[in-house]
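Structural features, examined
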Amino acid sequence: MITTIEPVGSWSWETKVASPGSGLFVRCVRQALDVWAALRSFGLAEAGAQADITVGAATGSAAVLRVDRVPVESPEAGAESVLLDALSELGGQNVGCVTIDLSLPGSPLRSGVPHSVQQLFVVSIDIWPSGATTTTLHTFSDAWLSHDLRGHRQPDVQKENAPRLKAALAAITELIGAPVQPWDPGSHGAPTEYGFEDFPDDDPDLLDSWYMFEVPRRTERLQEKIPQDAPRYEAETSAPVDFVDVSINGRVIGYLWASENGDAAGYEPRTPAGHIAVDAAADWLAYLSQARGRGLSSLEALHEAMYWEGTERSGTVAPGSLRKASSPEEVQDLSGRE
């Protein structure tokens with residue numbers, strides 16, 4: 001099973017009620033928590049979510065409030081007040097659209113064994129003062145697909161996970177009282193009202209959306225974390241590489257690699273680790289940029305990094321984790337696996 005940064009598939013539900021007035025925030029929060037509870041009832045979501053909250057101005061496109069990474073332990077008692085507290089500073093201010101993006105951990109199954117993913121789903125609620133509401137569910141795992149994102153069949157994995165997703169989509173549809181609207185087919189799959197369409201049994205290389213789409217987009221997104229004119233090593237190489245684990249509190253969040261020819265280097269976030277894996281990229285890419293600016297080869301930079309104290313956000317290189325791979329692609333494949 002592989003976890004992505006960009007959604008594998010998405011579904012939306014649209015409703016319209018009489019203007020909620022002062023109950024706008026409560027309706028938005030309650031909808032997010034109810035969908036979370038529905039996913040939990042099928043074993044698809046767990047405790048320990050994070051919420052990003054955005055409140056737009058009544059006129060114009062500016063945001064009057066943006067709060068990120070609000071920890072929410074569970075959808076039960078107390079969760080509503082946690083989210084409403086984050087909105088309390090707005091008071092009676094006249095606002096426009098309220099958006100909550102609730103990032104949910106979960107554990108898809110393989111051979112009956114749960115594999116932890118910090119962002120298995122994101123529940124997005126957009127609610128307007130008019131009473132119009134859009135609820136969207138994004139998934140970031142290929143556990144529901146007939147083939148993994150490398151294009152290989154995975155009938156046993158799909159059998160364990162897809163029926164639970166199907167049941168959850170039906171439950172959310174009943175909860176909201178509106179028909180589900182699968183999003184258009186994307187890079188990784190074609191959502192349906194029941195889950196996903198099966199892929200044809202083509203050559204795996206033709207179905208390898210991980211390398212055709214996810215890795216290039218992820219690399220581009222990460223490279224934007226340092227200035228465009230900053231010194232940097234090559235991001236691609238056909239040479240073998242040395243790589244190490246990057247960890248925070250004993251948990252692997254990514255991999256730092258350098259080519260044996262000394263020209264290329266990079267950081268690959270371990271996507272099942274969630275936001276912290278991507279956040280750490282800024283510090284590791286800045287570290288590599290500084291090493292490049294000092295004239296170090298990429299291998300020298302990697303070995304120096306093994307002794308770097310790091311930052312709270314970056315984590316540190318795990319002792320004894322140095323090993324070899326045939327190419328960066330091998331490390332990138334590892335970075336998406338649960």
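The coordinates are above.
All of the points below concern the structure found in this document. Quantities reported herein were computed from a predicted structural model and do not represent experimental measurements. For every chain, the first residue of the written sequence is number 1, and numbering continues from 1 along that sequence. For this predicted model, a pLDDT threshold of at least 70 governs which residues receive local features, and a threshold of 80 or more governs which side-chain atom pairs are given and counted, while totals over whole chains, interfaces and linings are taken from all residues. Where side-chain values are given, they derive from all heavy atoms of the structure, hydrogens and water being excluded.

What follows deals with the sheet that holds strand S4 (residues 95–106). Two strands make a pair as long as DSSP finds a minimum of two bridges between them. Each helix is a run of H or I in the DSSP string that is no shorter than four residues. Each strand is a run of E no shorter than two, and both are numbered from the N terminus. The sheet built from seven strands is open, its strands ordered S3-S2-S4-S7-S8-S1-S9 with antiparallel pairing. If you trace the sheet from one side to the other, it starts and ends with strand S3 (63–72) and strand S9 (181–182), each paired once. Pairing analysis gives seven bridges linking strand S7 (residues 117–127) to strand S8 (residues 132–139), with the strands arranged antiparallel. Residue aspartate 126 lies in a different strand from S8, and its bridge partner there is threonine 134. Here, two residues are considered to be in contact whenever any of their heavy atoms come within 4.5 Å of each other. An axis is simply a line fitted to the C-alpha atoms; with a helix, the fit covers only the stretch in contact. Between two such axes, the angle follows the N-to-C directions and lies from 0 to 180 degrees. Strands in contact with helix H1 (residues 24–41) are strand S2 (49–57), S3, S4, S7 and S8; relative to S4, the strand with the most contacts, it is inclined by about 20°. The sheet contacts of helix H2 (residues 79–87) involve S2 and S3, and relative to S3 the element is tilted by about 150°.

Bringing empty space enclosed by the protein into the picture now. The definitions used throughout rest on a 1 Å grid laid over the protein atoms alone, on which a cavity is an enclosed set of points accommodating a 1.4 Å probe that cannot get out and a pocket is an open set flanked by protein within 12 Å on both sides along at least five of seven lines; lining residues are those having an atom within 4 Å of a point. Grid points are joined across faces, edges and corners, and a volume is the space filled by probe spheres set on the points. Applying the stated criterion to the full structure yields two cavities of 30 Å³ or more. Each pocket or cavity is described by its volume, and for the largest cavity that value is around 90 Å³. Every residue lining the largest cavity is listed: Thr219, Leu222, Gln223, Ala235, Trp257, Ala265, Gly266, Tyr267, Glu268, Leu285 and Gln332. Put simply, the parts of the chain that give the lining of the largest cavity at least two residues each are helix H4 (209–223) and strand S14 (265–269). When residues in the lining of the largest cavity are grouped by element, the largest group, four residues, is from S14. Gly is placed with the polar residues, together with every amino acid not listed as nonpolar (Ala, Val, Leu, Ile, Met, Phe, Trp, Tyr, Cys and Pro) or charged (Asp, Glu, Lys and Arg). Tallied by class, residues from the lining of the largest cavity come to six nonpolar, four polar and one charged. If you add up the space inside the second largest cavity, you get close to 80 Å³. Around the second largest cavity, the lining residues are Gln223, Ile226, Pro231, Arg232, Tyr233, Ala265, Gly266, Leu285, Leu288 and Ser289. Taken together, the residues that form the lining of the second largest cavity break down as six nonpolar, three polar and one charged.

Turning our attention to the pairing of strand S12 (residues 241–248). Burial classes: relative accessible area under 20% of the type maximum marks a residue as buried, over 50% as exposed, and values in between as partly exposed (1.4 Å probe, protein chains only). A large share of S12 lies buried, amounting to seven of its eight residues. Where S12 meets strand S13 (residues 251–259), eight bridges bridge the pair, whose relative direction is antiparallel. Its bridge partner being in S13, phenylalanine 243 is matched across the sheet by tryptophan 257. Connecting the antiparallel pair S12 and S13 is a turn made up of two residues, with asparagine 249 showing a positive phi of about 50°. Pairing analysis gives three bridges linking S12 to strand S16 (residues 323–325), with the strands arranged antiparallel. Paired with phenylalanine 243 across the bridge in S16 is arginine 323. Of the pairings in the sheet, the one linking S12 to strand S15 (residues 316–317) comprises two bridges and is antiparallel in character. Within S15, the residue paired with valine 246 across the bridge is valine 317.

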